[in-house]
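So you can see what is in the structure, the chains are spelled out below.
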Amino acid sequence: PAFADVEPPTFLDCYDRNFTTAPGLPFAVIEDFSLAAQDNSGKQPTVSPPVVSGEFQYGSRHLVFTARDTAGNVANCSIRITVLGTVYRAKSAAQ
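Within any chain, residue numbers begin from 1 and follow the written order of that chain's sequence. Confidence filtering applies because this is a predicted model: local features only for residues at pLDDT of at least 70, side-chain atom pairs given and counted only at 80 or more, and all residues used for totals across whole chains, interfaces and linings. Each side-chain value is worked out from all heavy atoms of the structure, with water and hydrogens disregarded.

K.L.:
How should I be thinking about the sheet that holds strand E5 (residues 46–48) in this particular structure?
P.N.:
Taking strand neighbours across the sheet as the criterion, the 4 strands line up as E2-E8-E7-E5 in an open arrangement whose pairing is mixed. Here the strands that pair on one side only, and so sit at the sheet edges, are strand E2 (17–20) and E5. The mean angle between the axes of side-by-side strands here comes to 25°, regardless of whether they run parallel or antiparallel. In this description, strands pair whenever DSSP reports at least two bridges between them. Secondary structure follows DSSP: runs of H or I at least 4 residues long count as helices, runs of E at least 2 residues long count as strands, and numbering of each begins at the N terminus. Of the pairings in the sheet, the one linking E2 to strand E8 (residues 74–84) comprises 4 bridges and is parallel in character. If you follow Phe-19 over to E8, its bridge partner there is Val-83. Every axis corresponds to a line fitted to the C-alpha atoms, with the helix fit spanning only the stretch in contact, and the corresponding angles, defined between N-to-C directions, vary from 0 to 180 degrees.

So this is what it looks like as structure tokens:
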């Protein structure tokens, strides 16, 4: 007999991230950032949003990703994205 899938998917990389701005820019460009999920059924769950891209200003913000398996079970992953400024070090006169 077939089993009923009652377990939600799991995220493989649900943790906060830091990004650094490029020198002279007040934002970080984040391209094609995504999270991976897996399911006990062996089928790949659908993750939304599938990717996050764009210009993110200094500071922190929360992103919520949702994974849904073919049985309709849902898991959420809430992470904090923090954009940090570039650190400049002054050269000493001896350098």
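The structure having been displayed, the exposition proceeds.
K.L.:
Help me understand the nonpolar core in this model?
P.N.:
Most often, soluble globular proteins have nonpolar side chains that are buried together. For our purposes a nonpolar core is just a set of buried Ala, Val, Leu, Ile, Met, Phe, Trp, Tyr and Cys residues, chained together by side-chain atoms within 4.5 Å. Whether a residue is buried, partly exposed or exposed follows from its accessible area with a 1.4 Å probe, protein chains only, as a fraction of its type maximum: under 20%, in between, or over 50%, in that order. Counting residues in each nonpolar core, the largest one holds 17 residues, and the members touching the most others are Phe-11, Phe-33, Phe-65 and Ile-79. Among the secondary structure elements, those contributing two or more residues to this core are strand E3 (27–33), strand E6 (52–57), strand E7 (59–68) and E8. Here this core takes 5 residues from E8, the largest share from any one element. Whether two residues touch is decided by their heavy atoms; if any such pair falls within 4.5 Å, the residues are in contact. In this structure, Phe-33 is in contact with Arg-17, Phe-19, Pro-50, Val-51, Val-52, Phe-65, Ile-79 and Ile-81, ignoring residues within four places of it in sequence.

K.L.:
Help me understand the environment of His-62 in this model?
P.N.:
Position of His-62 among the secondary structure elements: in strand E7. Note: C-alpha distance between His-62 and Thr-82 (20 residues apart in sequence) is 8.8 Å.

K.L.:
I keep staring at the state of the cysteines and nothing clicks. Help me out?
P.N.:
Simply put, the disulfide is a covalent bond whose two ends are the sulfur atoms of two cysteines. Sulfur atoms of two cysteines make up a disulfide when they are within 2.5 Å. According to the stated counting rule, one finds 1 disulfide in the structure shown. Between the sulfur atoms of Cys-14 and its disulfide partner Cys-77 the distance amounts to 2.0 Å. Taking the torsion about the S-S bond as the criterion, the Cys-14 to Cys-77 disulfide, at about 105°, is right-handed. Of this pair, Cys-14 sits in the loop between strand E1 (10–11) and E2 while Cys-77 sits in strand E8, and the two are 63 residues apart along the sequence.

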